[in-house]
Amino acid sequence: MDRYARNRELISVEEQGLLGEKTAAIVGLGGLGGHIAEQLARLGIGRLILIDGDKIEPSNLNRQLFATERTLGMSKVDAACARLLEVNATIRYTPHPLRLTAENGFALLQDAAVVLDAVDNIPTRLLLESLCEQLDLPLIHGSIGGWWGQVSVVFPGDKTLARLYPYPDAIGAEAHYGNPAFTPALVASIQVAEAVKVCLGRPQILRGKLLRVDLLEHEQFVISI
């Protein structure tokens, strides 16, 4: 069985090997992070660093991939690893059942080639951008709220999130509009596509741009930042 045969038309054999050498760090394993982790595992990324300090609660069941009635009360990283090992046991998984902070961020992210933002609050998002800048790492930003979502690719020095979120103490759209099952699945898929392009050196990325999607009005548009 060739696990990655269906990747061949868009990812060459050589590129598949390169992807297998990469490490991605996912910060947050909720609605966005669960879909991101599973898609990267199925694509054949070499190693996943999984960071989340929360446990699975009943309110997660409406949208989070690793949240099932059986996993209620489990740590999100434990539930993630259990599921992902069933999907692709050839990948290395490094679980960290804790919250990202300024004190632990360098140690948690330093081995990554790309970092994916799947957090649900602005202060942590801005901290993540700062840590990635100091570690010289690309960051794939994603956020969701209700029918809407957005994605951007941030390289060190871009300071994209600092411009998108000028008020660090503001409450994010997630808290205002809630999150259904479909928005995180879509936005996570776009983030994964951008992460793959970054890992493979493809130029068609959302750097200096913000993709906004509106699933209520069936619209999407790209804004230059």
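A brief report on the enclosed structure follows. (Residues numbered from 1 in each chain as written. Predicted model: local features only at pLDDT ≥ 70, side-chain atom pairs only at ≥ 80, totals over all residues. Heavy atoms only, no water.)

1. A word on the layout of surface pockets
Filter applied, for reference: Space inside and on the surface of the protein is sampled on a 1 Å grid over the protein atoms alone, with a cavity defined as a set of points where a 1.4 Å probe fits but cannot get out and a pocket as an open set with protein on both sides within 12 Å along at least 5 of 7 lines; lining residues have an atom within 4 Å of a point. Grid points are joined across faces, edges and corners, and a volume is the space filled by probe spheres set on the points. Segments assigned H or I by DSSP are reported as helices when at least four residues long, segments assigned E as strands when at least two residues long, and all are numbered from the N terminus.
Here the largest pocket is characterised by a volume of approximately 600 Å³. Every residue lining the largest pocket is counted, 30 residues in all, and those nearest its centre are Asp-52, Asp-54, Ala-118, Val-119 and Asp-120. Broken down by secondary-structure element, the contributors of at least two residues to the lining of the largest pocket are helix H2 (31-43) and helix H7 (173-177). Element by element, the count of residues in the lining of the largest pocket is highest for H2, at 3 residues.

2. What about empty space enclosed by the protein?
Our working definition: Under the grouping applied here, Gly and all other residues not named as nonpolar or charged are polar, the nonpolar ones being Ala, Val, Leu, Ile, Met, Phe, Trp, Tyr, Cys and Pro and the charged ones Asp, Glu, Lys and Arg.
For the coordinates displayed, the defined rule picks out 1 cavity of 30 Å³ or more. Reported here for the largest cavity is a volume of approximately 50 Å³. Contributing to the lining of the largest cavity are Glu-129, Cys-132, Glu-133, Leu-137, Leu-139, Val-154, Phe-155, Pro-156, Gly-157, Asp-158 and Lys-159. Of the residues forming the lining of the largest cavity, the biggest block, 3 residues, is contributed by helix H5 (residues 122-135). Residues of the lining of the largest cavity, tallied by class, amount to 6 nonpolar, 1 polar and 4 charged.

3. A word on the packing of aromatic side chains
Rule in force here: Geometry of aromatic contacts follows a simple scheme: Phe, Tyr and Trp rings, the Trp one being its six-membered ring, pair when their centres are within 6.5 Å, and the pair is stacked under 30 degrees between planes, edge-to-face over 60, tilted otherwise. In this scheme, a residue with accessible area under 20% of its type's maximum is buried, one over 50% is exposed, and one in between is partly exposed, where area comes from a 1.4 Å probe on protein chains only.
If you walk through the whole model with that rule in mind, you get 2 aromatic pairs. Ring geometry for Trp-147 against Phe-182: centres 5.3 Å apart, planes inclined by 40°, an arrangement best described as tilted. A residue pair is termed long-range when its members are at least 10 positions apart, and Trp-147 in the loop between strand S5 (139-145) and strand S6 (148-154) and Phe-182 in helix H8 (residues 182-200) qualify at 35 residues. Classification of Trp-147 by relative accessible area gives partly exposed; the value is 36%. Taking 5.1 Å as the distance between ring centres and 65° as the angle between the ring planes, the aromatic pair formed by Trp-148 and Tyr-177 counts as edge-to-face. Of this pair, Trp-148 sits in strand S6 while Tyr-177 sits in helix H7, and the two are 29 residues apart along the sequence.

4. Concerning unusual backbone geometry
When glycine is set aside, most residues are seen to have a negative phi, and most peptide bonds are trans. A positive phi angle, close to 55°, is found at Lys-159, a residue other than glycine. Positive phi outside glycine occurs at His-218, with the angle close to 60°. Looking at where His-218 falls in the secondary structure, it is placed in the loop between strand S7 (209-214) and strand S8 (219-224).

5. What about H5?
An α-helical turn contains 3.6 residues, so any two residues separated by three or four positions project in the same direction. Rules: Multiplying one less than the number of residues by 1.5 Å gives the expected span of a helix.
When the terminal C-alpha atoms of H5 are compared, their 20 Å separation across 14 residues agrees well with the 20 Å that a helix rising 1.5 Å per residue should span. The complete set of buried residues in H5 reads Ile-122, Thr-124, Arg-125, Leu-126, Leu-128, Glu-129, Leu-131 and Cys-132. Once H5 ends, the next one or two residues include Asp-136, with phi positive near 60°.

6. Re the pairing of strand S2 (residues 47-51)
Under the convention used in this document: When the strands point away from the viewer, a crossover counts as right-handed if the route from the first strand across the helix to the second turns clockwise. Two strands are said to pair when DSSP picks up at least two bridges between them.
Burial of S2 is extensive: 5 of the 5 residues sit out of reach of the surface. Where burial is concerned, the two faces of S2 agree: the one with Arg-47, Ile-49 and Ile-51 and the one with Leu-48 and Leu-50 are both buried. Considered for its hand, the β-α-β crossover made up of strand S1 (residues 23-27), H2 and S2 is right-handed. Pairing between S2 and strand S3 (residues 92-96): 5 bridges, direction parallel. Looking at the pairing, Ile-49 lines up with Thr-94 of S3. A crossover links S2 with its parallel partner S3, the connecting element being helix H3 (residues 76-87), and its sense is right-handed.

None of the figures reported here should be taken as evidence of function without further support.
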